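# Observations on the three-dimensional arrangement
Residue-level listing of the chains:
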Amino acid sequence: MGTAIGFAVRKLWVYMSAVLMVCLAILQMSLLKLLSFFSPGLMRKIHLRMGERSTMTQNPKFKYEDWGPTFFSWAFIKAVLGVNWCSLGIEAFEGHAAPDTALFTINGEKTSVHRFLKGNRPLLVKDFSDVADFLIVYLAEAHATDAWAFANNVDISVHKTLEERLSAARTLVKENPLCTVVVDQMSNITASKYGALPERLYVIQSGRVIYQGGVGPWGYKPEEVKKVLEKVK
Ligand SMILES: *[C@@H]1O[C@H](CO)[C@@H](O)[C@H](O)[C@H]1NC(C)=O
């Protein structure tokens, strides 16, 4: 469905599912709040289950106390609503043109997504360097210290200026991510048009989205990207 109608249908679906999601989230959170009051033990089990699905439990840098109690806090709710609000701007769909959003290089120079497309080699946000070029777009911080924070995490506040965002991205560069890191605009335009908050994988080839991963952390599946790239090989 690479047509204009296909695109419109997808956009409509984005808005409809957002309304549905918010209603469901309110219901779910009210029920869980009640539960945490009556049965903290069961609540802890639910947190752990969520932690497993989002791979937090497998991350040796964090223990349960660092993130468990933050689920369903006010900061959590605000973060979830903020992410959904931002993603209403999504324009990237499988089989459709990949939005050429403006970005910054790590040194603060202007660039954009399509400038990283070379010929018809696919571009994606991680893995497989013999067949594809890789690009990490650093977006708004998912677990800023002054928002939905985890204990014992890197100390990054919600970026208020481009300089703050660039300097946070340099923290990532220091971890040697093996590919180019670019930075979203302060308007969050790339996060919005790619519906990418808090994290999302894409494969772009010849200016088109050939793979759109699910929204992270649940939908973050590098093994799916691997399958797509194996076909490209
Ligand atoms: C960008 O996203 C962050 C995190 O969701 C948010 O705090 C900030 O207000 C957003 N900026 C704009 C201009 O919407």
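Scoring rules and cut-offs
- Residues numbered from 1 in each chain as written.
- Predicted model: local features only at pLDDT ≥ 70, side-chain atom pairs only at ≥ 80, totals over all residues.
- Heavy atoms only, no water.
- UniProt positions renumbered as here; feature names shortened; annotations may be inferred.
- Helix = DSSP H or I, 4+ residues; strand = E, 2+ residues; numbered from the N terminus.
- Rg over C-alpha atoms; globule rule 2.2 N^0.38 Å.
- Buried < 20%, exposed > 50% of the residue type's maximum accessible area, 1.4 Å probe, protein only.
- Contact = heavy atoms within 4.5 Å.
- Areas by Shrake-Rupley, 256 points an atom, 1.4 Å probe, with all protein chains shown as cover.
- Lys, Arg positive; Asp, Glu negative; His and termini not counted.
- Charge placed at Lys NZ, Arg CZ, Asp CG, Glu CD.
- Pairing = 2+ DSSP bridges.
- Phe/Tyr/Trp six-rings, centres within 6.5 Å; stacked < 30°, edge-to-face > 60°.
- Lys NZ or Arg CZ within 6 Å of the ring centre and 35° of its normal.
- Polar contact = N/O pair within 3.5 Å; in protein donor to acceptor, adjacent residues only side chain to side chain.

The protein has the name Iodothyronine deiodinase in an unreviewed UniProt entry, where Danionella cerebrum is given as its organism. Per UniProt, the comment on the protein under Function (unreviewed entry) is "Responsible for the deiodination of T4 (3,5,3',5'-tetraiodothyronine)." Database annotation for the protein, UniProt heading Sequence similarities (unreviewed entry): "Belongs to the iodothyronine deiodinase family."

Okay, the overall build of the protein next. Within the protein, the secondary structure is distributed over seven helices and seven strands. Along the protein, helices (α) and strands (β) appear in the sequence α-α-α-α-β-β-β-β-α-β-α-β-β-α when read from the amino end. A globule of 233 residues ought to have a C-alpha radius of gyration of about 17 Å, and the protein, at 19 Å, matches this closely. Buried residues in the protein amount to 40% of all 233 residues. The long-range share in the protein, meaning contacts at least 24 apart out of those at least 6 apart in sequence, stands at 58%. Total accessible area computed for the protein in this model is approximately 13,200 Å², and 62% of it derives from carbon and sulfur atoms. Counting 27 positive and 21 negative side-chain charges, the protein places the averaged centre of each group 4 Å from the other.

Further remarks concern the environment of Trp-218. If you trace the backbone, Trp-218 turns up in the loop between strand E7 (208–212) and helix H7 (222–232). Residue classification places Trp-218 among the partly exposed positions, given a relative accessible area of 36%. Among all residues touching Trp-218, those that are not within four sequence positions of it are Met-50, Arg-53 and Ser-54.

This part covers the pairing of strand E1 (residues 102–105). As paired strands, E1 and strand E2 (residues 110–112) are joined by three bridges and run antiparallel to one another. Bridged to Phe-104 within E2 is Lys-110.

On to the UniProt feature "transmembrane region" (unreviewed entry) in the protein, then. UniProt feature "transmembrane region" (unreviewed entry): in the numbering of this structure it lies at residues 12–35. With 100% helix and 0% strand, residues 12–35 has end C-alpha atoms that lie 35 Å from one another.

For the rest of this paragraph, the subject is the pairing of strand E5 (residues 180–184). The buried count for E5 comes to four of five residues, which makes it a mostly enclosed element. The pairing of E1 with E5 spans three bridges and is classified as antiparallel. Paired with Leu-103 across the bridge in E5 is Asp-184. Judged from the four bridges that link them, strand E4 (residues 133–138) and E5 form a sheet pairing that is parallel. Considered in E5, the bridge of Val-137 is made with Val-182.

On to the packing of aromatic side chains. Counting across every chain of the model gives 12 aromatic pairs. For the ring pair Phe-62 and Phe-150, a centre distance of 6.0 Å and an interplane angle of 75° mean the geometry is edge-to-face. On the criterion of sequence distance, the pair formed by Phe-62 in the loop between helix H2 (40–53) and helix H3 (64–67) and Phe-150 in the loop between E4 and helix H5 (162–174) is long-range, its members being 88 residues apart. Phe-150 sits in the buried class, given a relative accessible area of 10%. Against the face of Trp-218 rests Arg-53, its NZ or CZ located 4.9 Å from the ring centre.

Next up on the list: the environment of Thr-190. You can see Thr-190 is positioned in helix H6 (residues 189–193). Looking at Thr-190, the relative accessible area reads 5%, which means it is buried. Taking C-alpha positions, Thr-190 is 7.6 Å from Leu-103, a pair spaced 87 residues apart along the chain. Beyond its immediate chain neighbours, meaning those up to four positions away, Thr-190 contacts Thr-101, Ala-102, Leu-103, Val-137, Asp-184 and Gly-195. Within the structure, Thr-190 has its side chain in polar contact with the side chain of Thr-101 (distance 2.7 Å).

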